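Below are the chains, spelled out letter by letter.
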Amino acid sequence: MQTRLFKILTLSAAIMATSTPLLAADLTAGAVAAPDEYGAKVAAQILKAGGNAVDAAVATAFTLAVTYPEAGNIGGGGFMTLYVDGKPYFLDYREIAPKAASKSMYLNEKGEVIENLSLIGSKAAGVPGTVLGLWEAHKKFGKLPWAELLTPAIGYAQQGFKVAGQQYQYREDANKLFAGKTNFGDYFGKMQPGVVFKQPELAKTLTRIADKGAADFYQGETAALLLRQMQQDGGLISAQDLKDYRVKWREPMQISWRGNTLYTAPLPSSGGIALAQLLGIKEDRAADFIGVKLNSARYIHLLAEIEKRVFADRADYLGDPDFNDVPVAKLIAADYLQQRAAEVNPQAISATEKVRPGLESHQTTHFSIVDAEGNAVSNTYTLNWDFGSGVVVKDAGFLLNDEMDDFSAKPGVANAFGVVGSDANAIEPGKRMLSSMSPTIVTRDGNVTLVIGTPGGSRIFTSIFQVLNNIYDYHLPLQQAVAAQRVHHQLLPKDTIYFDSFAPLTGEVAAQLKTMGYTLEDQGWNMGDIQVIRINNDTPETASDPRGRGTGLVVAK
């Protein structure tokens, strides 16, 4: 048996407390890879002004809440993986279910899921976490004054920004979805490509947050406006929900892989566990990949065989660790991954009904930042689908999320991403819904070498996995590694491989996969929007996914 190069380490609080952090090596420059030009420019501006990676991340996140309203947000939540002064951290500012939420809240009297109730309108919204998350990150690590970090976002809200073509396309789809159901059209109905778009109400909200901090959003004037919207729409978020919301500093998932250490998302994100399983099972099946061409039919089949087992485990076991006793150690143990790897059929499709949990018993955005001192932030935050629930808080100007759809409204019934879940991810008051967000930082010898992440719902960790393969196995240049074709399989729908129109699955490869029995489907939207920074010999380079409108900038000292 080959020597295993793959090992999972769960950092204990004792180890974290007693270990001596490594001092990160200084870089020749800082860098940012962000999903639009405005976020990238603001991050560069903050780094040049003497801010660190966390300052730049806070400023970028607030800027994207203005210029990337389909996903950037103050009405949603997310995760942040950090590497500061040679030590890893993970910040969970995921939304939570309101206290008035219930397990059957999206079911009719027959016990059937009511279409779109968990996606459209105020009842779809979880308690937002973004503002407090950014506040706590800044309080712990920030250098520049809080108000200074919100100044660029306030400027873009007051003076406007030029609408991109893709934003307009998203807006058109959202207008149809939300028409007559929410106030979305009152705020975003006039967005036009190439035309400057202003958001005066949002500017006032950001000004209040700049002046009074997170307290304004959770107990101040902004909170009062949000609660008024809830009352008007029959939403569930209460004053007590806002007052009681807390972020959580969690131990990051640590994956030791080929001499590298990956720090990524623990529960309530499934991303870290899934990425650990994907990398581990692939390592055990390394012989199957020898000589296999990237994105050939054999390569795609092997990925599908691995991915279907990861999604079987995700569906059955994973949920908020504060509400469930999740067997994390067992799911990422070397012997368990070897067992799952042994089930892979390299020649033919494993029968879906026989791929079961192995133990006995659309729209998000991401940015990556490093500073010249070697600190790094990988941040993924979301409203869930494009423009969230479609509800804009009147007089406050920000969109609310539709994250409640990430719960399992009914065990075994797929959510908007086609992913099924179990009681582990059932709706409960105060519970965080399961996520796939996987903001990831790769280090070697204590120094950051890669910062990566993407939106994409259930496609997030499979996209990151494929880009890591492209970089470390196929040694593609960074931009090519990001632009390469990506595919996705998630157990259900049965034997279905998804692709996107940017790099469609066609020709001889498609014919071979169909002959094997696969159904190939264009999922109708792009397979992620990877934003990555790689550091070679202390010099950063960036790559932004050509599927999106992102920008990478290297910021000289």
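Counting of residues starts from 1 at the beginning of each chain's written sequence and follows it residue by residue. Two thresholds apply to this predicted model, a pLDDT of at least 70 for residue-level local features and 80 or more for giving and counting side-chain atom pairs, whereas whole-chain, interface and lining totals are computed over all residues. Remark: hydrogens and water are excluded; side-chain values derive from all non-hydrogen atoms of the structure.

Under the annotation held in an unreviewed UniProt entry, the protein carries the name Glutathione hydrolase proenzyme and is attributed to Serratia rhizosphaerae. Turning to the protein, the UniProt annotation filed under Pathway (unreviewed entry) states: "Sulfur metabolism; glutathione metabolism." According to the UniProt record, the Sequence similarities (unreviewed entry) comment for the protein reads "Belongs to the gamma-glutamyltransferase family." UniProt positions are given in the numbering used here, feature names are shortened, and annotations may be inferred rather than shown by experiment.

The next thing to look at is the packing of helix H14 (residues 297-317) against helix H19 (residues 507-516). Packed helices, taken two at a time, are described by their axes: the angle between them and the distance between them. As a packed pair, H14 and H19 sit with axes 9 Å apart at the nearest point and diverge in direction by 50°. What the angle tells us is that H14 and H19 run oblique. Between H14 and H19 lies a crossing whose hand is right-handed. On H19, the residues that touch Ala-297, Ile-300 and His-301 of H14 are Val-509, Gln-512, Leu-513 and Met-516. Think of each axis as a best-fit line through the C-alpha atoms, taken over the contacting stretch in the case of a helix, with angles from 0 to 180 degrees between the N-to-C directions. Helix numbering and strand numbering both begin at the N terminus, where a helix is a DSSP run of H or I of at least 4 residues and a strand a DSSP run of E of at least 2. With respect to orientation, any angle under 35 degrees is reported as roughly parallel, any angle over 145 as roughly antiparallel, any angle of 65 to 115 as roughly perpendicular, and every other angle as oblique. The crossing is said to be left-handed when, going from far helix to near helix, the turn is anticlockwise and less than a right angle, and right-handed when the turn is clockwise. The contact criterion used throughout is that any non-hydrogen atoms of two residues lie within 4.5 Å.

What follows covers empty space enclosed by the protein. Any residue with an atom within 4 Å of a point lines the site, the site being either a cavity, points on a 1 Å grid over the protein atoms alone where a 1.4 Å probe fits but cannot get out, or a pocket, an open set with protein on both sides within 12 Å along at least 5 of 7 lines. Grid points are joined across faces, edges and corners, and a volume is the space filled by probe spheres set on the points. When its volume is computed, the largest cavity comes out at roughly 70 Å³. What lines the largest cavity is Ala-65, Pro-69, Gly-72, Asn-73, Ile-74, Phe-188, Gln-199, Leu-202, Gly-397, Phe-398 and Leu-399. In terms of residue class, the lining of the largest cavity is built from seven nonpolar, four polar and no charged. Each residue gets one of three labels, nonpolar for Ala, Val, Leu, Ile, Met, Phe, Trp, Tyr, Cys and Pro, charged for Asp, Glu, Lys and Arg, and polar for the others, Gly among them.

The geometry of helix H3 (residues 53-67) relative to helix H5 (residues 146-159) is characterised by a closest axis approach of 8 Å and an angle of 20° between their N-to-C directions. Taken together, H3 and H5 sit at an angle that is classed as roughly parallel. In this structure, H3 crosses over H5, and the sense of that crossing is right-handed. Between H3 and H5, the contacting residues are Asp-55, Val-58, Ala-59, Phe-62, Thr-63, Val-66 and Thr-67 on the first element and Trp-146, Leu-149, Leu-150, Pro-152, Ala-153, Tyr-156 and Ala-157 on the second. Residue composition of the contact of H3 with H5, by class: eleven nonpolar, two polar and one charged.

For this analysis, a salt bridge means a side-chain nitrogen from Lys or Arg found within 4 Å of a carboxyl oxygen belonging to Asp or Glu. Evaluation of the coordinates by the stated rule reveals 31 salt bridges. Arg-340 is paired through a salt bridge with Glu-343; the nearest N and O atoms lie 2.9 Å apart. For Glu-343, a relative accessible area of 32% corresponds to the partly exposed category. When the shortest N-O distance is used, the salt bridge between Lys-431 and Glu-428 registers 3.4 Å. Taken together, the salt bridges that share partners define one network made up of Glu-305, Lys-308, Arg-309, Asp-313, Arg-340, Glu-343, Lys-494 and Asp-495. Per-residue accessibility, obtained with a 1.4 Å probe over protein chains only, is compared with the maximum for each type, and a residue is labelled buried under 20%, exposed over 50%, and partly exposed between these values.

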